Amino acid sequence: MSHGLTPSQTIGPFYFGTVTKVYHQQLAPPGVAGERIELALTVHDADGAIVPDSLIEIWQANSHGRYNHPEDRRNLPLDAGFEGYGRVSVDTQGCARFSSVKPGRVPWPEGGLQAPHVNISVFARGLLNRVATRLYFDGDPANAEDPVLKLVDPARRATLLARKDDKGVWRLPIHLGGPKETVFFDC
Amino acid sequence: MSKEIYRRAPADAHPPNLSPEYKSTVSRAPRQPAIVLPHTLSEITGPLLATERLDALENDLTQQRSGEPLGERIVVHGRVLDQDGKPVPKAIVEIWQCNAAGRYHHPGDQHDAPLDPNFYGGGRVRADEDGRYQFITIKPGAYPWKNHHNAWRPAHIHFSLFGPAFATRLITQMYFPNDPLLGFDPIYNSVPEGARHRLQSSFDMEATRPEWALAYKFDIVLRGRNATPMEG
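The following paragraphs examine the structure supplied in this document. All of these numbers come straight from a predicted model, not from anything done at the bench. (Residues numbered from 1 in each chain as written. Chains lettered and ligands numbered in written order. Predicted model: local features only at pLDDT ≥ 70, side-chain atom pairs only at ≥ 80, totals over all residues. Heavy atoms only, no water.)

## Examining the overall build of chain B
Item 1. Secondary structure assignment for chain B yields three helices and twelve strands.
Item 2. The C-alpha atoms of chain B give 19 Å as radius of gyration, which agrees with the globular expectation for 232 residues (17 Å, within 12%).
Item 3. A principal-axis box enclosing the C-alpha atoms of chain B has dimensions of 60 × 40 × 30 Å.
Item 4. The 232 residues of chain B split such that 55% are buried.
Item 5. Nonlocal contacts in chain B, meaning residues at least 24 apart in sequence, comprise 71% of its contacts between residues at least 6 apart.
Item 6. On chain B, roughly 10500 Å² of surface is accessible, and the fraction owed to carbon and sulfur atoms is 53%. (Helix = DSSP H or I, 4+ residues; strand = E, 2+ residues; numbered from the N terminus. Rg over C-alpha atoms; globule rule 2.2 N^0.38 Å. Buried < 20%, exposed > 50% of the residue type's maximum accessible area, 1.4 Å probe, protein only. Contact = heavy atoms within 4.5 Å. Areas by Shrake-Rupley, 256 points an atom, 1.4 Å probe, with all protein chains shown as cover.)

Dropping the structure here:
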């Protein structure tokens, strides 16, 4: 017998307590292998205004391209202390910051590899469903052959590309709507 | 050609992103259709928070302060299941809610109702091997909001679950049976009519505790796997 899915509802503006208790801003403690990265994600509504009540979660592979999860059974190293999960609500500037390592490449089911990417969930008042997107690293040569980017209209691919600023921080604005609307995925 | 490990939700399972009666969806709902992703390791893995240490009393919201909170003490319990009715074991369940007077312990909540120094309103628990979870709390109050004239949210408890994968992440709200405000609530009514009842808990006489607390049961159903994944 099939059970009906529990429908999604908005996180609302007043999430707190245990939700904020498991904030993980620093994903990679000292000793974790890989290239250190700083991410700065901002959330904007259709008018470009910041969404100050939004919560962002990220999920990523380690620098070897291995997910810390029983479904990933490949013989690649797991790094002690690196789960690959982050959760932060945005600050008053609408920005969520994470410190991590650049994820390695993970396989594509039909063969080949995906470009390095970070999986992102966004929650906010006014979002009845979790919206999911990905962060790719602008300038990574693997992007040209990434099978997910190839699913996206070339005119909209840039909405998934984080760009490095002059301080070395990877910045990605997430636009929930409007002319710069980010590409979201049904995952 | 796509791998479909987890079942896609039917179109009438979740609310549409744009639900104009709930006004803040208008400027925040994405308008472009989401691109359907084949299920790769990125989607079928996800945070399990296996090393997250939970205190024994985190599921008792009446024991988080020096005294007992005001309000009607209740037991909220149920199971985390997939669409086949199989338990989702060891899932972390997070909840948050307002107090009995309808006020959240949150600086953004300016509703003219008293805060309760003995009620914080956040809790979490890790479900057992059978997906069972339980919270002790107090029944949250209804409260007004500014969506439209004389708008009131029905009593509700927010629930957050990860499930086994990035693809199964869910945040939702649990409501109470026969609440007269449900019919007027644009957030509850954003859900297609045939699926709304799944957000209502049921009164559970068997789980009540004599002389102590009433009980409500709320099973949560997360996406299940396809029986035979298609090979590419």
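## As for the sheet that holds strand β3 (residues 92-96) of chain B
Residues and elements named next belong to chain B.
Item 1. With respect to topology, four strands assemble into an open sheet ordered β4-β3-β8-β9, the strand pairing being antiparallel. For this open sheet the edge positions go to β4 (122-126) and β9 (170-175), each flanked by a neighbour on one side alone. Neighbour-to-neighbour, the strand axes of this sheet turn through a mean angle of 25 degrees, independent of strand direction.
Item 2. Across six bridges, strand β8 (residues 156-161) lies against β9 in antiparallel orientation. (Pairing = 2+ DSSP bridges. Axes fitted to C-alpha atoms, helices over the stretch in contact; angles between N-to-C directions.)

## Looking at the packing of aromatic side chains
Item 1. For the structure shown, the criterion picks out 13 aromatic pairs over all chains.
Item 2. Their ring planes at 85 degrees and their centres at 5.1 Å tell us that Phe137(A) and Trp170(A) sit as a pair that is edge-to-face. Taken as a pair, Phe137(A) in strand β6 (residues 131-137) and Trp170(A) in strand β8 (residues 170-175) lie far apart in primary sequence, 33 residues in all.
Item 3. Using a relative accessible area of 1% as the deciding quantity, one classes Phe137(A) as buried.
Item 4. Residues Phe176(B) and Tyr216(B) carry aromatic rings whose centres are separated by 5.0 Å and whose planes lie at 90 degrees to one another, so their mutual orientation is edge-to-face. Here Phe176(B) is found in the loop between β9 and α3 (193-196), whereas its partner Tyr216(B) is found in strand β11 (residues 214-217), with 40 residues between them in sequence.
Item 5. Classification of Tyr216(B) by relative accessible area gives buried; the value is 7%.
Item 6. Chaining the aromatic ring pairs together yields one cluster made of Tyr133(B), Phe135(B), Phe159(B) and Phe218(B).
Item 7. Looking at Arg169(B), its charged tip hangs above the ring of Phe162(B), at a distance of 4.1 Å from the centre. (Phe/Tyr/Trp six-rings, centres within 6.5 Å; stacked < 30°, edge-to-face > 60°. Lys NZ or Arg CZ within 6 Å of the ring centre and 35° of its normal.)

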